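Each chain is listed here by its residues.
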Number of protein chains: 10
Amino acid sequence: MNAPLDQILETFENPHPGRPYTVRIACPEFTSVCPKTGQPDFGTLVFTYVPGPKCVELKSLKLYLQQYRNLGIYYEDATNRILDDLVGLLSPRRMTLEAAFTARGGITTTVTATFEAER
Amino acid sequence: MNAPLDQILETFENPHPGRPYTVRIACPEFTSVCPKTGQPDFGTLVFTYVPGPKCVELKSLKLYLQQYRNLGIYYEDATNRILDDLVGLLSPRRMTLEAAFTARGGITTTVTATFEAER
Amino acid sequence: MNAPLDQILETFENPHPGRPYTVRIACPEFTSVCPKTGQPDFGTLVFTYVPGPKCVELKSLKLYLQQYRNLGIYYEDATNRILDDLVGLLSPRRMTLEAAFTARGGITTTVTATFEAER
Amino acid sequence: MNAPLDQILETFENPHPGRPYTVRIACPEFTSVCPKTGQPDFGTLVFTYVPGPKCVELKSLKLYLQQYRNLGIYYEDATNRILDDLVGLLSPRRMTLEAAFTARGGITTTVTATFEAER
Amino acid sequence: MNAPLDQILETFENPHPGRPYTVRIACPEFTSVCPKTGQPDFGTLVFTYVPGPKCVELKSLKLYLQQYRNLGIYYEDATNRILDDLVGLLSPRRMTLEAAFTARGGITTTVTATFEAER
Amino acid sequence: MNAPLDQILETFENPHPGRPYTVRIACPEFTSVCPKTGQPDFGTLVFTYVPGPKCVELKSLKLYLQQYRNLGIYYEDATNRILDDLVGLLSPRRMTLEAAFTARGGITTTVTATFEAER
Amino acid sequence: MNAPLDQILETFENPHPGRPYTVRIACPEFTSVCPKTGQPDFGTLVFTYVPGPKCVELKSLKLYLQQYRNLGIYYEDATNRILDDLVGLLSPRRMTLEAAFTARGGITTTVTATFEAER
Amino acid sequence: MNAPLDQILETFENPHPGRPYTVRIACPEFTSVCPKTGQPDFGTLVFTYVPGPKCVELKSLKLYLQQYRNLGIYYEDATNRILDDLVGLLSPRRMTLEAAFTARGGITTTVTATFEAER
Amino acid sequence: MNAPLDQILETFENPHPGRPYTVRIACPEFTSVCPKTGQPDFGTLVFTYVPGPKCVELKSLKLYLQQYRNLGIYYEDATNRILDDLVGLLSPRRMTLEAAFTARGGITTTVTATFEAER
Amino acid sequence: MNAPLDQILETFENPHPGRPYTVRIACPEFTSVCPKTGQPDFGTLVFTYVPGPKCVELKSLKLYLQQYRNLGIYYEDATNRILDDLVGLLSPRRMTLEAAFTARGGITTTVTATFEAER
């Protein structure tokens, strides 16, 4: 599914490419499906990135994340794949994705992954 | 609109220029208009700066920010432009502007930009 | 869809039918689809009921609510339909359903409906 | 301005007119202008109503409230006028509007008005 | 001091005298002086009233309360006197004043008084 | 198990039997076992009662509740049984037990039962 | 100890005896000793009363409560005795004392007693 | 008991071994027994680790922690032993275990231990 | 006014001059007057310092700050002057003063200044 | 009093002396007496330490702190003395004591002292 997913994402030119400022985007309405049990998972994704040449368009990000709604995928895998898709598209200077999932069996999991451009 | 905007801002002499102290100004009543949809945007701007020769006068800052009330402008652009206007006027030692906008489509965005004077 | 939905719900005998006690069940992971825009909606459903002859089995309630995951339905309609399904199944002495949906366009909606058995 | 304002509001048929359920709509992004000082005011409007034959459509409510963005009007007047507009349009069984404005001069004001249909 | 104090308070005509709506005014910056120790006291005053023919003008209320800044007066006395001044001026249908003072010697005091018009 | 359980509970004479005062006891460390899955359940029990001739001794209440640690029992049943045990022992004027269990499968359940002495 | 205790309490004339207003006094620094274990207990006492002819002087209330610092007494007894002492001294129209003690063995207890003058 | 305990824990292959991302797992339902008093202890365990070749499977972690339910063990010992078991199984790059136990005798204890792989 | 002000402040010998420990003093009841409008300002001052030879006596600090009650002074000036007075008196190893003022015109300002002794 | 005090404290062998882990102990029920006014003081002590050869036994720590219940001592002195007593007994690698006292005259004080073993 990787290929079609990143075709949904749109970008726009970074309006201030000379200054390394930070954009933080919180998406508390992420949902996917547990590949083992078929039960839905729910989480909050928080992207924090320093734009390179491009910024992500918010509505397309929302539609991109909705593609996971009925997809069976593990927490660790989803977090890393979404980060990879956005890094591949935006070439940011730096991007962190923190994915905090709701409790299952009394246990709560948060996965955090970071991409850092080589200098 | 950039030119008239910064004519509204007033300054006063930094009363303690020898000490690099910090001023933090929170403005939770910022509003502008989305250039794409024409819908109003709302946000909280927080300025944190170490004054150089001048400090910003608070009432004029409020009037300056009100100029954005009916202006169509994107988050990233507004944040960087406002920072530029204040840096140009005040020549601070350092200034950060954090602009936290309210949720749209379930997604919340915060843009943070920093100016640092060369030493 | 009404017919198949309530076949998923299971019940068990009220173990203390003589005492009018209260059961409160909070389901913060409800999601359905807006029939107008096709976008997902998210909400928290809170059931509060005084059992009659039967209690609702929690796992079946969870599976029942998951049937709405990809169903297009308005807030007011979903709240009243779910209440009707549960009342039909359980014949409670009293049941209230409060459905609090997340913000859309900066506006948050909560729908609350109550069934009261005739005495 | 009263006449054009209520032409913006749209309604839909109450899908469950037989049951007196409650709809609560919170709008934290209300802004108008102080008629005395010309300065913007900000507030959160919370509508709580028991629908009669009609419900208010949320997007049109949002557009209706935006008509106050550049209108000079006092707190007490705005609260009562908005309530009157909605009651005239929806003929609810009961409607309360609570309007909580942000602090001015260290003082915070909340105006609450209620309409109750005669029985 | 009672006489000059209430000359500072200004009123305006109730714009919706036919409807018994509620106005809540919170003033967290009240300060007076303890008549026993000469130390300053601090408190939050909250007025809740159903207007009769007149409403209190907010800026004049602020100036009126500032008259207590250097006045020696006990909690119970201040609360009742301020209520009396406002009731005398506004002839409300009902008015409650809740005055919550900050801790002294580890003890926190709140005084609440209510006026109800005879019917 | 009912018989041995209430032998653990101890009481003491109500020191002020003439006045109908209230005692509220919160026990956030309740745990039992789900009879279906064998998994542990966790909850907070809150007793609120108006003592009759006797009060419950706190340490014995703690030991009594620990008897449920490895017992398989449903929420509704545990709540009603514990209430029955205490009412049988204390003959209170009134007693409510609110049992709030932690989330399972994203769903949180609270059971509340009340005993009221006949007058 | 009852006799000497209430000699410490001082009163003053109710300055507005005609109006039944409420005084709420929170004392979060109460401490006594458990008569069984000799360990200190800690609690927050909240008095809420409608004054009759007299009000309690706050500093003397503080000194009165300090008399319990090294006294062995049970929760239920302390709450009722303190209420009795204050009622005997002040002849209030109504007085409630809520005493919330900190957790012991994971269990938290709050005792609430009320005096109501006969009418 | 050490040997059988770690046979319950299951692992799965780290799906993104090339990137040093972080997994945070919060388990608020840990309970064991005090070896001195025989009374149950309650705590929240938070694991934060950077996976090496393997990740811990969540359901098996839950079952592993349940083995402590009726085991007598001190706070400091439990924390270090659980960390050792997980490090031995997972060979993480880094792992911290923070164990926050509930109050006993008014005193709350948190034990935090860290393993760092040699580089 | 600078001269008389610091005559009010009293000090005592640092009882542990050999250890660089920290003292944090929060004063939420600071009030002065705006020199422009004559309106009162309110703020919370937080001092954090590592004592040198002397510590500040708390009651004298309270009296010192009360001298600003009716003094017209700007935020930035008050913060720096108070820091200077205390540094001059105490010769601390390090002292920070954070002064957080309440909102005016919807804008909140915090001024933070630090003194660091040369080594 | 220093000598008898530290005879109350008990220790036990650090069960994991090879790993520099942290123990945090919060004691919110500390009380002593102001040597100037004779009034009780209240505070929360938080110890954070990396054990050396020994750990402090919690019940003995509680009894040790109770020795201050009727002792007249200043904040700064109590904090440093308690730290010294524990460091002398435990020889920790590092220990911090943060003592946060409740407000007096509207002013709140926190004293923080640290011991660091020489390496």
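See the structure printed just above.
Residues numbered from 1 in each chain as written. Chains lettered and ligands numbered in written order. Predicted model: local features only at pLDDT ≥ 70, side-chain atom pairs only at ≥ 80, totals over all residues. Heavy atoms only, no water.

**Quick notes on the pattern of salt bridges**
Two side chains of opposite charge can pair, provided their charged atoms sit close to one another. Following the criterion strictly, the structure yields 50 salt bridges over all chains and no others. Note that E57(D) is salt-bridged to K36(C), the shortest N-O span being 3.1 Å. Residue E57(D) is found in the loop between β4 (54-56) and α2 (58-66), and its partner K36(C) is found in the loop between β2 (22-33) and β3 (40-50); the two belong to separate chains. Judged by its relative accessible area of 15%, E57(D) is buried. What makes K36(C) exposed here is its relative accessible area of 56%. (Salt bridge = Lys/Arg side-chain N within 4 Å of Asp/Glu carboxyl O. Helix = DSSP H or I, 4+ residues; strand = E, 2+ residues; numbered from the N terminus. Buried < 20%, exposed > 50% of the residue type's maximum accessible area, 1.4 Å probe, protein only.)

**Quick word on the relation of the copies chain A and chain B**
The two copies are related by a screw motion: chain A maps onto chain B through a turn of 72 degrees and a shift of 0.0 Å along the axis, at an RMSD of 0.0 Å. When the rotation and shift are considered jointly, the pair of chain copies conforms to a five-fold rotation axis. (Least-squares fit on C-alpha atoms with pLDDT ≥ 70 in both.)

**Quick word on the packing of helix α2 (residues 58-66) of chain A against helix α3 (residues 75-90) of chain A**
Residues and elements named next belong to chain A. Close contact between α2 and α3 brings their axes to 12 Å; oriented N to C, the two are set at 145 degrees. Taken as a pair, α2 and α3 cross one another with a handedness that is right-handed. Contact residues: L61, Y64 and L65 in α2; R81, I82, D85 and L86 in α3. Among the residues forming the contact of α2 with α3, the class breakdown is 5 nonpolar, no polar and 2 charged. (Axes fitted to C-alpha atoms, helices over the stretch in contact; angles between N-to-C directions. Left-handed = near helix turned anticlockwise from the far one by under 90°. Contact = heavy atoms within 4.5 Å. Nonpolar A, V, L, I, M, F, W, Y, C, P; charged D, E, K, R; others polar.)

**Description of the interface of chain E and chain G**
Residue-level contacts link 18 residues of chain E with 16 residues of chain G. Across the interface of chain E and chain G, roughly 1,500 Å² is buried in total on both sides, 52% from carbon and sulfur atoms. For chain E, the biggest contributors to the area lost against chain G are E76(E), N80(E) and I107(E); these three give 35% of the whole. One can count 2 salt bridges joining chain E with chain G. Here R19(G) makes a salt bridge to D84(E), at a shortest N to O gap of 2.7 Å. Elements with a contribution of two residues or more to the side of chain E that touches chain G: α3 (75-90) and β6 (108-116) of chain E. When the residues that make up the side of chain E that touches chain G are grouped by side-chain class, the tally is 5 nonpolar, 8 polar and 5 charged. Note: β6(E) against strand β2 (residues 22-33) of chain G, 5 bridges, orientation antiparallel. Bridge pairing in β2(G) places T109(E) opposite I25(G). (Buried area = accessible area lost by both parts, 1.4 Å probe. Pairing = 2+ DSSP bridges.)

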